[in-house]
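Summary of the model geometry
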Amino acid sequence: MVCDIQLMMAADHPHTQTFLAVFVLTITSRTVLSSHNGQNVDDACQDLTPRHGEAPQPSPPLYKLTFSPNSYKPGQQVYVTVSTCNPESTGFKGFMVQARRADVRQDQTELLGGFTPVDNTRLACDDRALVHSDKTLKKIKSFNWTSPSQSVGHVVFRVTFVYSFTVFWSNIVSDVLLDAGLTDQVNLVTKTQLDSTCYTETCEKKSCSSGQALMTHPCVVMSCLLFTLAPSWTRWLEVPRVAI
């Protein structure tokens with residue numbers, strides 16, 4: 001809106017047209033660069049949506065977040081990894097990750113615990129989120145998250161991946177990080193459905209016979225059936241991946 005007004009003023013004042021056009025272009029360029037370097041991201045702290053003037057991608061994300069172990073105790077470090085699902089594909093330039101409660105009956109807005117920055121990352125959102133600090137392409141980035149000193153219940157990580165200024169996937173919900181002190185696992189937020197390439201490498205690692213993998217994605221169903229039914233010499237078969 002500001003740019004439109006300034007350009008209209010330039011049209012009314014021919015002698016200032018070039019100056020104002022260059023001024024608007026300069027401000028826009030600096031904003032894009034700052035976002036790519038992980039600056040000026042606090043507006044996205046609440047909903048994890050970059051203020052890039054574009055809507056998030058509606059398609060399943062091509063990136064994922066994993067963690068280990070799968071449960072935590074107060075004050076414990078959890079190893080977190082954000083990565084592209086297909087190692088042969090293009091990576092991501094930016095990301096923001098937060099930890100929030102998984103129980104939908106509880107406060108879903110509070111940011112929990114703390115992240116330890118690694119190379120090319122920095123803290124944001126009052127030091128409760130981790131973001132990129134440069135615009136280089138990344139295929140994988142790992143870091144530690146430390147849980148609060150007191151139990152906060154089951155937790156999920158929420159992450160946004162930025163491929164370019166206009167192409168990004170926002171507020172992706174991870175698997176649930178279980179609170180080791182709790183036994184119930186009800187009323188938990190639903191994990192975001194990822195792109196099929198995010199599942200093709202996990203089937204053999206999961207227990208196909210238990211049905212755990214069969215409930216996640218049709219692509220995994222195919223992979224599990226091939227792995228379970230085919231002779232050992234044919235188990236190199238895999239659902240084809242498409243590089244982006």
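Higher on the page you've got the structure.
Every value quoted in this text rests on a predicted model; they were computed, and no experiment measured them.

**Considerations on empty space enclosed by the protein**
Summed over the entire model, instances satisfying the criterion amount to 1 cavity of 30 Å³ or more. In this model, the largest cavity occupies a volume close to 50 Å³. Every residue along the wall of the largest cavity is listed here: Lys-64, Leu-65, Val-159, Ile-172, Val-173, Ser-174, Lys-191 and Leu-194. Elements that contribute at least two residues to the lining of the largest cavity include exactly β1 (63-68) and β10 (168-179). It is β10 that contributes the most residues to the lining of the largest cavity, 3 residues altogether. For the lining of the largest cavity, the per-class residue count stands at 5 nonpolar, 1 polar and 2 charged.

**Details of the nonpolar core**
Counting residues in hydrophobic clusters, the biggest one holds 29 residues, and the most contacted among them are Val-97, Trp-145 and Phe-157. Among the secondary structure elements, those contributing two or more residues to this core are β1, β3 (77-84), β4 (94-101), β8 (140-146), β9 (155-162) and β10. Every residue in contact with Phe-157, bar those within four places of it in the chain, is listed here: Leu-65, Phe-67, Val-80, Val-97, Gln-98, Ala-99, Phe-115, Trp-145, Ile-172, Val-173, Ser-174 and Leu-177. With 10 residues, the next largest nonpolar core counts Val-41, Leu-48, Ala-124 and Ala-129 among its residues.

**Considering the pairing of β3**
Buried residues dominate β3, accounting for 6 of its 8 residues. Two strands pair when backbone bridges link them, and β1 and β3 are joined in this way by 6 bridges, in the antiparallel orientation. Bridge assignment links Phe-67 to a residue of β3, and that residue is Val-80. In this sheet, β8 lies alongside β3 in antiparallel orientation, the contact comprising 7 bridges. Opposite Ser-83, over in β8, you have Ile-140 as the bridge partner.

**Topic: the side chain of Lys-64**
Relative to the helices and strands, Lys-64 resides in strand β1. Using a relative accessible area of 18% as the deciding quantity, one classes Lys-64 as buried. In contact with Lys-64, not counting residues within four places along its chain, are Thr-81, Val-82, Ser-83, Cys-85, Phe-161, Leu-194 and Cys-198.

**Side note on the pairing of β10**
Regular strands show a simple pattern: their side chains alternate between the two faces of the sheet. Note: strand β2 (residues 71-72) against β10, 2 bridges, orientation parallel. Looking at the pairing, Ser-71 lines up with Leu-178 of β10. Both β9 and β10 contribute to a ladder of 6 bridges, which runs antiparallel. Bridging from a neighbouring strand, Val-155 pairs with Leu-177 of β10. Linkage of β9 to β10, two consecutive antiparallel strands, is achieved through a turn of 5 residues.

**A word on the state of the cysteines**
Under the counting rule described, the total for this entry stands at 2 disulfides. Between the sulfur atoms of Cys-85 and its disulfide mate Cys-198 the distance is 1.8 Å. Between Cys-85 and Cys-198, the disulfide has an S-S torsion of 80° and is therefore right-handed. Taken together, the residues Cys-85 in the loop between β3 and β4 and Cys-198 in the loop between β10 and α3 (218-229) connect sequence positions 113 residues apart.

Rules used throughout
- Residues numbered from 1 in each chain as written.
- Predicted model: local features only at pLDDT ≥ 70, side-chain atom pairs only at ≥ 80, totals over all residues.
- Heavy atoms only, no water.
- 1 Å grid on protein atoms, 1.4 Å probe; cavity = no way out; pocket = protein on both sides within 12 Å on 5 of 7 lines; lining within 4 Å.
- Points joined across faces, edges and corners; volume = space filled by probe spheres on them.
- Helix = DSSP H or I, 4+ residues; strand = E, 2+ residues; numbered from the N terminus.
- Nonpolar A, V, L, I, M, F, W, Y, C, P; charged D, E, K, R; others polar.
- Core = buried A, V, L, I, M, F, W, Y, C linked by side-chain atoms within 4.5 Å.
- Buried < 20%, exposed > 50% of the residue type's maximum accessible area, 1.4 Å probe, protein only.
- Contact = heavy atoms within 4.5 Å.
- Pairing = 2+ DSSP bridges.
- Disulfide = S-S within 2.5 Å.

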